[in-house]
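Listed below, chain by chain, are the residues.
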Amino acid sequence: MKNYSKLTPEGVHDVLFDQCRAHREAQRRLTAIFARRGYREVITPGLEYYDVFSLQGAALPQQEMYKSTDSGGRLLVFRPDSTLPIARMAAARLQSRRRPIRLYYCQSVYRAYPELSGRSHEAPQMGVELLGAAGLRADLEVMAAAAEAMEAVGGDYRIELGHAGLFRHLVQRLELPPESREEIRATIETKNYGALGGLLDPLGDSPEAKALRRLPRLFGGEEALAEAESWRLDGGAAEALHYLRTLYTALGEMGLGRRLMVDLGLVQRNDYYTGVVFSGYVQGHGGPVLTGGRYDNLCGRFGPDMPAMGFAMDMDAAAALLEPGMFQERAAQVLVHGEPGFEPQAQRELMRRTAGGQVCEGSVWETLEEALEYARGEGLPTVVAVGRSVRTIEIADMGGRV
């Protein structure tokens, strides 16, 4: 049997040194943005009951969840999504709070993606949820926070806008079974035109089938919206297009026009989205750095109805986008060595120096000669020897001697 004790599981990885500092810096920048906007931090458990993620109309694919059981045999999952647990928490813990409720989080989600998909199974995320607020003002607030977050880590970014209601109303008119709807959603999401045509051909030339066929190709600026509006759809589909134009115009007036794209093929895999959906991209980075949208019916599955909108940023991507090399660890400049019998005094000397801002290492070597050899090998320029007196030894002054 193969021994896996030195390996990490498929889809996860260790994070070392400068990468850790980049993660912390990205977290610091986003925390400042969210806190200044009045959002307050929450953390949900890493383990949740499976039922949280299997609610009708908001279920996640069960094959993508890591599962376990508790001592009573009840089915648990490692948190595969942050929005559903926050909706659960709001229903259970926050119903008495005045609306709106502004929350932010920094935590990982776990998804078991197919082998060789290249996607991380453990994804650190940071995001916001605005609960108890609907309408244009709320959407603009969340979109503005998303733009600030992208600016903080990405610089040259764009935000793609879509509307979950457009797809939902089109497939409802076709009266398709749930499995067919999900197949069509997946082919639109991946822009698989051949497979999409195969799914839609049996549905004939209805306006809804024609519109679904065009959705993944409608990507760009106002011209994409104009083409969709020319279909003269009615009901909920028309309302979705009208609202999307209103939001697009308002965001342009906020100064985000050059950052915006319309993507009517943006149909999020999470079925709980009801309104505007969006993704943030950065030049040179393949996948989305940020995803989000409006989910007005989700909180009601756990308790009283409460409109909501939010987004999550991929913190691995955010850390990778920060300028390479800007978060290198400050190298230690001093090795503090205690002579035999003076180990406590050496630690006091080290504490005094680090309190003053110096980066120091403590010597674990028995002899001064070993400490000097280590300092030379590691490039530490100074050794402080603590005994009956405190001596400072500059390695450069020793020449080739140890």
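Our subject in this report is the structure included herewith. Keep in mind the model is a prediction, meaning the values are calculated, not measured.

Quick notes on the nonpolar core
With 67 residues, the main nonpolar core has Leu161, Phe278, Phe311 and Met313 as its most contacted residues. Looking at this core, the element that brings in the most residues is helix α3 (residues 136–153), giving 11 residues. Ranked by size, the runner-up nonpolar core spans 29 residues in total, among them Leu84, Tyr105, Val277 and Leu298.

As for the packing of α3 against helix α9 (residues 235–256)
Taken N-terminus to C-terminus, the directions of α3 and α9 make an angle of 50°; their axes are 11 Å apart at the nearest point. On the basis of the axis angle, α3 is oblique to α9. Considering how the two elements wind past one another, α3 and α9 form a crossing that is right-handed. Mapping the contact onto sequence places Leu136, Asp139, Leu140, Met143, Ala144 and Ala147 in α3 and Tyr243, Thr246, Leu247, Ala250, Leu251, Met254 and Leu256 in α9. When its residues are assigned to classes, the contact of α3 with α9 shows 11 nonpolar, one polar and one charged.

What about a negative patch on the surface?
On the surface, Glu343, Glu366, Glu369, Glu370 and Glu373 cluster together to form a negatively charged patch. By the secondary structure assignment, glutamate 343 is in helix α11 (residues 343–355). Residue classification places glutamate 343 among the partly exposed residues on the basis of a relative accessible area of 44%.

Things to note about the pairing of strand β11 (residues 290–294)
Counting buried positions over the five residues of β11 gives four, a clear majority of the element. Inspection of the sheet shows strand β10 (residues 276–282) paired to β11 by four bridges, in the antiparallel sense. Paired with phenylalanine 278 across the two strands is glycine 292, which belongs to β11.

Focus on the sheet that holds strand β6 (residues 122–131)
Reading across the sheet, the nine strands line up as β1-β5-β6-β12-β11-β10-β7-β9-β8 and stay open at both edges, with mixed pairing between neighbours. Two strands bound the open sheet, and with one partner strand each, they are β1 (40–41) and β8 (219–220). Examined bridge by bridge, β8 and strand β9 (residues 260–263) share two bridges and lie antiparallel to one another. Bridge pairing in β9 links phenylalanine 219 to aspartate 263. Strands β5 (101–110), β6 and β12 (308–314) of the sheet are contacted by helix α1 (residues 17–36), whose axis makes an angle of about 5° with β6. Of the strands in this sheet, β5 and β6 touch helix α2 (residues 83–93), which is tilted by about 40° from β6.

What counts as what
Along each chain, residues carry numbers from 1 onward, in the same order as the chain's sequence is written. Totals for whole chains, interfaces and linings use all residues, but because this is a predicted model, local features are given only for residues with pLDDT of at least 70 and pairs of side-chain atoms are given and counted only at 80 or more. Side-chain measures were taken over the full set of non-hydrogen atoms in the model, leaving aside hydrogen atoms and water. In these notes, a set of buried Ala, Val, Leu, Ile, Met, Phe, Trp, Tyr and Cys residues joined through side-chain atoms within 4.5 Å is what counts as a nonpolar core. For every residue, the accessible area obtained with a 1.4 Å probe (protein chains only) is divided by the maximum for its type, and the residue is called buried under 20%, exposed over 50%, and partly exposed between those limits. A run of DSSP states H or I qualifies as a helix once it reaches four residues; a run of E qualifies as a strand once it reaches two. Both are numbered from the N-terminal end. Under this scheme, a helix contributes an axis fitted over its contacting stretch, all axes are lines through C-alpha atoms, and angles between N-to-C directions fall in the 0 to 180 degree range. An angle counts as roughly parallel when it lies under 35 degrees, as roughly antiparallel when it exceeds 145, as roughly perpendicular when it falls between 65 and 115, and as oblique in every other case. By the definition used in this description, the sense in which the near helix is turned from the far one sets the handedness, with an anticlockwise turn below a right angle giving left-handed and a clockwise turn giving right-handed. Contacts: residue pairs with any heavy atoms within 4.5 Å of one another. Under the convention adopted here, Pro, Cys and the residues Ala, Val, Leu, Ile, Met, Phe, Trp and Tyr are nonpolar, Asp, Glu, Lys and Arg are charged, and Gly plus all remaining residues are polar. Residues with no salt bridge and a relative accessible area higher than 30% make up the patches, which join like charges within 9 Å and nonpolar side chains (Val, Leu, Ile, Met, Phe, Trp, Tyr) within 5 Å. All accessible-area figures derive from a Shrake-Rupley calculation using a 1.4 Å probe, and residue coverage is judged against the displayed protein chains alone. Salt bridges are counted wherever a side-chain nitrogen of Lys or Arg sits within 4 Å of a carboxyl oxygen of Asp or Glu. Charge assignment in this entry is limited to Lys and Arg as positive and Asp and Glu as negative, and neither His nor the chain termini are counted. Just so you know, the charge point we use is NZ for Lys, CZ for Arg, CG for Asp and CD for Glu. Only strands that DSSP links by at least two bridges are regarded as paired with each other.

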